[in-house]
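For reference, the chains in residue letters:
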Amino acid sequence: MLERHELEAFLTLAEELHFGRTAERLGVSTGRISQTVKKLERRVGTPLFERTSRSVRLTPVGRRLQNDLRPAHRQILAALERATAAGRGVHGTLRAGFAAPWSAERLTAAADAFLARHPGCEISIREVPLDGGLRPLQEAELDLLLTAFPAREPGLTTGPVLAAEPRVLLVPSAHPLARRESLALDDLAGVPMVTTEGANPRYWLDAHYPARTPSGAIIPRGPVAASWQEVLSHVSAGRGVSPGAARGARYHPRPGVTYVPLRDAPPVEYGLVWPTAAENALIRAFAEAVAAQH
C-alpha cells in the first residue's frame, strides 16, 4: 500500500524534477526524498526517475505512474479539505449582498476562490438597492453585506475598510459645474441634490448627502431616488446633482451626466457588515476571502 508521504514525494519530484526544490516544498531533507523514492522504486521493481549529476527525468514507467496517481491525489486532497472544513464548521450556504457593481465583482471573485477551497459550501450573491441600507441584514435576508460605510447599527459587526474610492459629483452635463475640472464642497451651495432615503440610517445619509456645505450654506434637497438608475435619470434630466464614487463613471456612464471630482471630500469607504449574533465560521472564512481580493 502506498503511504501518503511516498505519494507526495513521488508526485512533487515528478513535477519539480529537482530533489532540492522537492525537499523544500515538502519541508524535509533532500536525503529523505531520495530514500523515499528509492524505497518506492524497489517496491515497483523498476526505476521511476533517470538521475544524472545535472538533471532528473521521469522514466516511461514513472510518467505512467504519475498520470495514474495524479487524479487520485487530487481526490484525496479534496476529501481532506472537505473534512477539515466540516470540522471547522465551514459549511452551508452564505447569502452575500452588494450595493455597488465593483463590490459585486469583488464578491464574485472571492466566492470563486472560496468555493475552490470549500466545495461543499454554497454562496449566493444579490444586489441591495440604494435605499435598502442595512435592512437585509437586520431582517435576516442576508448573512453578509459589502457596502459603503459608515455602519454603526446595534447588533451588526463592521469589518475593516477594504476599499476607498475618491468622491465625485454627478452633474447634469449642461450645468456650469460640469465644465469645471474639480469642485469643492462649498460649490454645492444652493444646488439641489438628488438624495435617497429608505432604510438608510440618518448618520449614513448625513455622511453621503450633507444638508450644508462646510461653510454652512444650505444644500437644497432634490428628488429622492431608490436606485442608481433613478439617480442617473434625475441628474441627466437636470433635476439635481448627486455625490458618488469615482469608479461609478466606468460602471454608470450616461448621456447627459458628467462626473466631476470633489477635491476636498473624504473618500467613499467600503467594507463588510454582518449580524453579530449570526457570526460563524463560514462568515469569518468568507470575510477573509473577500479581504484577500484586490
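Residues numbered from 1 in each chain as written. Predicted model: local features only at pLDDT ≥ 70, side-chain atom pairs only at ≥ 80, totals over all residues. Heavy atoms only, no water.

### Thoughts on the sheet that holds strand E6 (residues 156–165)
Item 1. In space, the five strands of this open sheet follow the order E4-E3-E5-E12-E6, with mixed pairing throughout. The open sheet has two edge strands, strand E4 (121–127) and E6, and neither has a second partner. Within this sheet the neighbouring strands show an average axis-to-axis angle of 20°, counted without direction.
Item 2. Sitting on the sheet, helix H5 (residues 101–117) is in contact with strand E3 (92–98), E4, strand E5 (144–148), E6 and strand E12 (268–275), with an inclination near 175° to E4.
Item 3. Sheet contacts for helix H10 (residues 281–291): E3, E4, E5, E6 and E12; angle to E3, the most-contacted strand, approximately 45°. (Pairing = 2+ DSSP bridges. Helix = DSSP H or I, 4+ residues; strand = E, 2+ residues; numbered from the N terminus. Axes fitted to C-alpha atoms, helices over the stretch in contact; angles between N-to-C directions. Contact = heavy atoms within 4.5 Å.)

### Some remarks on the packing of helix H1 (residues 4–16) against helix H3 (residues 30–44)
Item 1. Following both chains from N to C, one finds H1 and H3 inclined at 100°, their axes separated by 10 Å at the closest point. Of the possible angle classes, the one that applies to H1 and H3 is roughly perpendicular. Of the residues in H3, those in contact with His5, Glu6, Ala9, Phe10 and Leu13 of H1 are Arg32, Ile33, Thr36, Val37, Lys39, Leu40 and Arg43.
Item 2. For the contact of H1 with H3, a count of residues per class yields six nonpolar, two polar and four charged. (Parallel < 35°, antiparallel > 145°, perpendicular 65-115°, else oblique. Nonpolar A, V, L, I, M, F, W, Y, C, P; charged D, E, K, R; others polar.)

### Topic: empty space enclosed by the protein
Over the atoms a probe the size of a water molecule is rolled, and this reveals where empty space is left.
Item 1. Within the structure shown, the criterion is met by one cavity of 30 Å³ or more.
Item 2. The space that makes up the largest cavity amounts to roughly 370 Å³.
Item 3. What lines the largest cavity is a set of 30 residues, among which Leu130, Ala148, Trp204, Trp228 and Tyr270 lie closest to the centre.
Item 4. Secondary-structure elements contributing two or more residues to the lining of the largest cavity are H5, E5, strand E7 (167–172), helix H7 (202–208), strand E10 (242–245) and E12. (1 Å grid on protein atoms, 1.4 Å probe; cavity = no way out; pocket = protein on both sides within 12 Å on 5 of 7 lines; lining within 4 Å. Points joined across faces, edges and corners; volume = space filled by probe spheres on them.)

### Digging into the layout of surface pockets
Item 1. As a volume, the second largest pocket reaches approximately 180 Å³.
Item 2. Considering the residues around the second largest pocket, the lining is formed by Trp102, Ser103, Glu105, Arg106, Ala109, Leu146, Leu162, Ala163, Arg247, Tyr270, Gln293 and His294.
Item 3. Of all elements in the fold, only H5 and E6 reach the threshold of two or more residues within the lining of the second largest pocket.
Item 4. Here the element with the most residues in the lining of the second largest pocket is H5; it accounts for five residues.
Item 5. Of the residues that constitute the lining of the second largest pocket, the class distribution is six nonpolar, three polar and three charged.

### Some words on helix H8 (residues 228–236)
Item 1. Listed as buried for H8 are Trp228, Val231, Leu232, His234 and Val235. Each buried residue of H8 sits inside an arc of 165° when the element is viewed along its axis, so together they form one side.
Item 2. Buried residues along H8 sit in contact with E7, strand E8 (193–195), strand E9 (221–224), E10 and strand E11 (257–261).
Item 3. Positioned one or two residues after H8, Gly238 has a phi angle of 80°, which is positive. (Buried < 20%, exposed > 50% of the residue type's maximum accessible area, 1.4 Å probe, protein only. Arc of directions from axis to C-beta.)

### Things to note about the packing of aromatic side chains
Item 1. All told, the structure shown has five aromatic pairs when counted by the stated rule.
Item 2. The interplanar angle of 90° and the centroid separation of 6.1 Å between the aromatic rings of Trp102 and Tyr270 together place this pair among those described as edge-to-face. Taken together, the residues span a long stretch of sequence, with Trp102 in helix H5 and Tyr270 in strand E12 at a distance of 168 residues.
Item 3. Among the residues examined, Trp102 registers a relative accessible area of 10% and is labelled buried. (Phe/Tyr/Trp six-rings, centres within 6.5 Å; stacked < 30°, edge-to-face > 60°.)

### What about the pairing of E5?
Item 1. Counting buried residues in E5 gives five out of five residues, a clear majority hidden from the surface.
Item 2. Bridging between E3 and E5 involves three bridges; their strand directions are parallel. Its bridge partner lying in E5, Gly97 is registered against Leu145.
Item 3. In this sheet, E12 lies alongside E5 in antiparallel orientation, the contact comprising four bridges. Across the sheet, the residue bridging to Ala148 is Tyr270, located in E12.

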